[in-house]
Amino acid sequence: MTIELALFAKFSARHPVPGAGRSARPYSVPECTTVGQLIGDLGLADELRITFVNGRHADDELVLAQGDRVAVFPPVAGG
Amino acid sequence: MSDIMRVDMSTLEIKREPLPERWVDFGGRALTSAIVFEEIPADADPLGPANKLIFAPGTFGGTTAPNGGRLSIGAKSPLTGGIKESNVGGQLAHTLSRLGIAGIIFEGAANDGLYSLVLEADGSAKLERSDAWKGLNNYDLAEKIKATRPDGDRFATASVGQAGEALLSSASIAVTDPKGIPNRHAGRGGLGAVMASKGLKAVIASDKGLGGVVHADKDAFNVATRKFATALREHPVTGEGLPTYGTQVLTNIINEAGGYPTRNFQAGQFEFAEALSGENMREMTIERGGNVKHGCHTGCVIQCSRYWVDKDGDYKTKGMEYESVWSLGANCGIGDLDDVGELDRMCGDIGVDTMEMGAAMAVYMESGAIEFGDTKGALKALAQVGTGTEVGTTLGNGAEAVGLKYGVARIPVVKHQAMAAYDPRPIQGIGVTYATTPQGADHTAGYAITANILGVGGTVDPLSPVGQVGLSQALQIATAMLDAMGLCIFVAFAVLDKPEAFEAICEMATAHTGKNWSADDLMLLGKKVLTYERLFNGKAGFTNADDRLPGYMYTEKLPPHNVVFTVPDAELDTLFDFVAETAAGMGIA
């Protein structure tokens, strides 16, 4: 199945789609992939991070569905 | 020993007196709010002689405490009609502390003309006529001031531009950064108008040749500062995210969460967020040869400040903060950082709060006077602020003034002050802070974005009403304490996650003052600050009915999550339950 994947700040260089930068790009993952499995595949398992699926915070156990938008951020704050 | 300096603008007399015993534990916001509560009649006209304007460095002012150089400026606000503490970086707090000043209280109002308060490193103080500076904006004024100072001087200033002189409710007070550039602003609440109403154009303070302040236990203080600095450097936000991208790092994540107010709070995501983002701003700034990392005051170890430069690499304005890029950008439908930089520069020069101005401009755009996204129209309107035109005066008096004048129903304010860069519908914790803080809709008063969005200090579902009041209450108390200490509130990101950071604050306060400060003592200090503020507002006529968001935020669903604000009123009304007991302990009512 295909999801939309966006990686921000220092993670943007890890986007598996060449030239994606911080843009969301379609990305193929196996059916029933969890957030945690995706993060592991991206090589981010050991990184502190904040993960959103469709604009909501997502745990690693969440099973992704076709068309989901996944966005991953390193720890950020400001304001 | 620190003194209170009283500057009577009516008689032009200056007096120094020892800090009264009852205020000896108070710095920064604790001192400004105590003085506002004790000395300003709650029914005072904010722009009349009965109001007072107080400058107070925090407890750590003049020390090497990491990020300990914030300045609190207090008064009754012409924007909110309630108590105000407007917090600003820059060098002035450290300078005042090195001069032995715990607080300056400006009283009365000049009968005619403009004045500057000039404080010399030898301890002398005088009011000088500044009529020749009438109408000057902050950048030109900074050059004029510099020309009056001896070569090699080390000085800091506070000043107002044409918006302040025009007594507009969004007028800011500009403070110079470590390079002497007047680009740090006490923006919120119109305190620039209070300053100008007294006939005060500038404060000029030199600490040339002066060392740091005296500590009760210097060695212990140095140990504690190292512990605190290490904690700040080790935390991923204060040690990496903020130094790398500045506050602008928030743009993409708040947009992702659907809480990035767009086109006057009509949507929670902006299609050009990436163009405005901190990542993009960093890349553009580096490409143009600009600075992307420095502190707004000496002793800052977080270093989230930067300078924004134009396409030729020339300084334009300070690196725009997240709140400014949002307000002048997405909230106005503008998606270009150079356009935002022009607007930010103009706001800084004429001296207005970028948040209030961006919110006001967006309401103006919604009225149809100009289109969303019309940068040229926005610049043309903004240039009129402080010049006396109808549009300029209305914009300069803030978002609510614009909405009332031009017939716009959606006005994103609480207690007459505009909200910041987080829509309270999908981020309900910040909605609680907007609604309840005595300051008007001020995100910094209880920055619930931490647990709601950023996973700092725990997690609280931003879309649910559950747990938001407790979160906001704890943050409001802690923030009031940090503001009293003179610490940058960004240290909270580390303090919330690392116990040793909070311990270090206790240890620094104890070693510096000689009085034992426990964690409970610090939290009680925060409660005392809020108690002064809550009681003052009560005397000024505020009730629980003022602790509410605008009505449309309870009924109009915000895309993309299509949610409204759902924290019950009755729960909001419990946030200040501690005030009665705290007030009794303080012997005030």
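It should be noted that the structure appears before, not after, this text.
The shown structure was predicted, so the numbers you read here are calculated from the model rather than taken from an experiment.

Help me out: how do you make sense of the overall build of chain A in this one?
Secondary structure summary: chain A contains 1 helix and 5 strands in total. Reading the helices (α) and strands (β) of chain A from amino to carboxyl end gives β-β-α-β-β-β. Over its C-alpha atoms chain A spans a radius of gyration of 12 Å, differing by no more than 12% from the 12 Å that the globule rule assigns to 79 residues. When its C-alpha atoms are laid out on the principal axes, chain A stretches across 35 × 25 × 20 Å. The buried share of chain A, taken over its 79 residues, is 32%.

How should I be thinking about helix 12 (residues 337–350) of chain B in this particular structure?
Each turn of an α-helix holds 3.6 residues, which means side chains three or four residues apart point in the same direction. Residues and elements named next belong to chain B. Between its terminal C-alpha atoms helix 12 stretches 20 Å, which fits the 20 Å expected from 14 residues at 1.5 Å a residue. With respect to burial, helix 12 is a largely interior element, 13 of its 14 residues being buried. Taken from the residues just after helix 12, G351 is the one with a positive phi, measuring 85 degrees.

Looking at this structure, I do not really get the pairing of strand 6 (residues 101–107) of chain B. What am I missing?
Working note: regular strand, side chains alternate between the two faces of the sheet. All names here are of chain B. Of all 7 residues making up strand 6, 7 are buried, and the element is well covered by its neighbours. Where strand 1 (residues 3–8) and strand 6 come together, 6 bridges link them in parallel fashion. From the neighbouring strand, M5 faces strand 6, where its bridge partner is I104. Two elements, strand 3 (residues 53–57) and strand 6, share 3 bridges in a ladder whose sense is antiparallel. The residue of strand 6 that forms the bridge with F55 is I104.

Can you walk me through the sheet that holds strand 5 (residues 83–88) of chain B in this structure?
Whenever strands of a sheet pair, they do so through backbone hydrogen bonds, lying parallel or antiparallel. All names here are of chain B. As summarised here, the arrangement of the 6 strands in space is 2-1-6-3-4-5, forming an open sheet in which the pairing is mixed. Here the strands that pair on one side only, and so sit at the sheet edges, are strand 2 (13–18) and strand 5. Shown here is a sheet whose adjacent strand axes are inclined to one another by a mean of 20 degrees, direction ignored. Examined bridge by bridge, strand 3 and strand 4 (residues 71–76) share 4 bridges and lie antiparallel to one another.

Can you walk me through the environment of G78 of chain A in this structure?
Within the element layout of this structure, G78 of chain A appears in the segment after strand 5 (69–73). With residues near it in sequence (within four places) discarded, G78 of chain A still touches L242, G246, T247, V249, L250, C304 and Y322 of chain B.

Where do I start with the pairing of strand 5 of chain A in this structure?
Residue and element names in this part refer to chain A. Judged by how many residues are buried, strand 5 sits mostly within the fold: 4 of 5 residues are covered. Of the pairings in the sheet, the one linking strand 1 (residues 2–7) to strand 5 comprises 4 bridges and is parallel in character. When the bridges of strand 5 are listed, A6 appears paired with A71. With 4 bridges connecting them, strand 3 (residues 50–53) and strand 5 associate as antiparallel partners. Note that in strand 5 the partner of F52 across the bridge is A71.

Hey, could you run me through the sheet that holds strand 2 (residues 25–28) of chain A in this one?
Taken together, 5 strands build an open sheet; the order of strands is 2-1-5-3-4 (chain A) and the sheet is mixed. This sheet does not close on itself; its edge strands, each paired only once, are strand 2 and strand 4 (56–57) of chain A.

Whenever I open this one, helix 3 (residues 138–148) of chain B confuses me. Can you help?
Residue and element names in this part refer to chain B. By the burial criterion, the buried members of helix 3 are N138, L141, A142 and I145. Considered in projection along helix 3, the buried side chains sweep an arc of 105 degrees and stay on one side of the axis. Those residues of helix 3 that are exposed and aimed more than 90 degrees away from the buried face are E143 and A147. Packing partners of the buried residues in helix 3 comprise strand 9 (155–159), strand 10 (173–175), strand 12 (200–206) and helix 12.

Quick question: what am I supposed to make of the packing of helix 17 (residues 428–436) of chain B against helix 19 (residues 468–485) of chain B here?
When two helices pack together, their arrangement is given by the angle between their axes and by how far apart the axes lie. Residue and element names in this part refer to chain B. For the pair helix 17 and helix 19, the least separation of the axes is 8 Å and the interaxial angle reads 60 degrees. If you check the angle between helix 17 and helix 19, you find them oblique. Helix-helix and strand crossings are classified by hand; for helix 17 and helix 19 the assignment is right-handed. Here helix 17 contributes Q428, G429, V432, T433 and T436 to the contact with helix 19, which in turn contributes Q468, V469, L471, S472 and Q476. Here the residues of the contact of helix 17 with helix 19 are counted per class, giving 3 nonpolar, 7 polar and no charged.

Just to check I follow, could you spell out the interface of chain A and chain B for this structure?
Interface extent is often summarised as the accessible area lost during association of the parts. At the junction of the two partners, chain A supplies 15 residues and chain B supplies 29 residues. Elements with a minimum of two residues in the side of chain A that touches chain B: strand 3 and strand 5 of chain A.

What exactly am I supposed to notice about unusual backbone geometry here?
What you tend to see is this: most non-glycine residues have negative phi, and most peptide bonds are trans. All names here are of chain B. The amide bond that connects P559 to the next residue, P560, takes the cis arrangement and shows omega of 10 degrees. Structurally, P560 is set in the loop between helix 22 (519–539) and helix 23 (569–572). The phi dihedral of R263 is positive, around 50 degrees, even though this residue is not glycine. Summarising the element assignment, R263 is placed in the loop between helix 8 (250–256) and helix 9 (273–276). Residue class for R263 comes out partly exposed when judged on the 17 C-beta atoms lying within 10 Å of it. Positive phi values are uncommon outside glycine, yet K415 reaches one of about 50 degrees. Among the secondary structure elements, K415 is positioned in the loop between strand 15 (413–414) and strand 16 (417–418). Assessed through the 25 C-beta atoms surrounding it within 10 Å, K415 is described here as buried.

Calculation rules
- Residues numbered from 1 in each chain as written.
- Chains lettered and ligands numbered in written order.
- Predicted model: local features only at pLDDT ≥ 70, side-chain atom pairs only at ≥ 80, totals over all residues.
- Helix = DSSP H or I, 4+ residues; strand = E, 2+ residues; numbered from the N terminus.
- Rg over C-alpha atoms; globule rule 2.2 N^0.38 Å.
- Buried ≥ 20, exposed ≤ 12 C-beta atoms within 10 Å, placed from the backbone.
- Expected span 1.5 Å × (residues − 1).
- Pairing = 2+ DSSP bridges.
- Axes fitted to C-alpha atoms, helices over the stretch in contact; angles between N-to-C directions.
- Contact = placed C-beta atoms within 7 Å.
- Arc of directions from axis to C-beta.
- Parallel < 35°, antiparallel > 145°, perpendicular 65-115°, else oblique.
- Left-handed = near helix turned anticlockwise from the far one by under 90°.
- Nonpolar A, V, L, I, M, F, W, Y, C, P; charged D, E, K, R; others polar.

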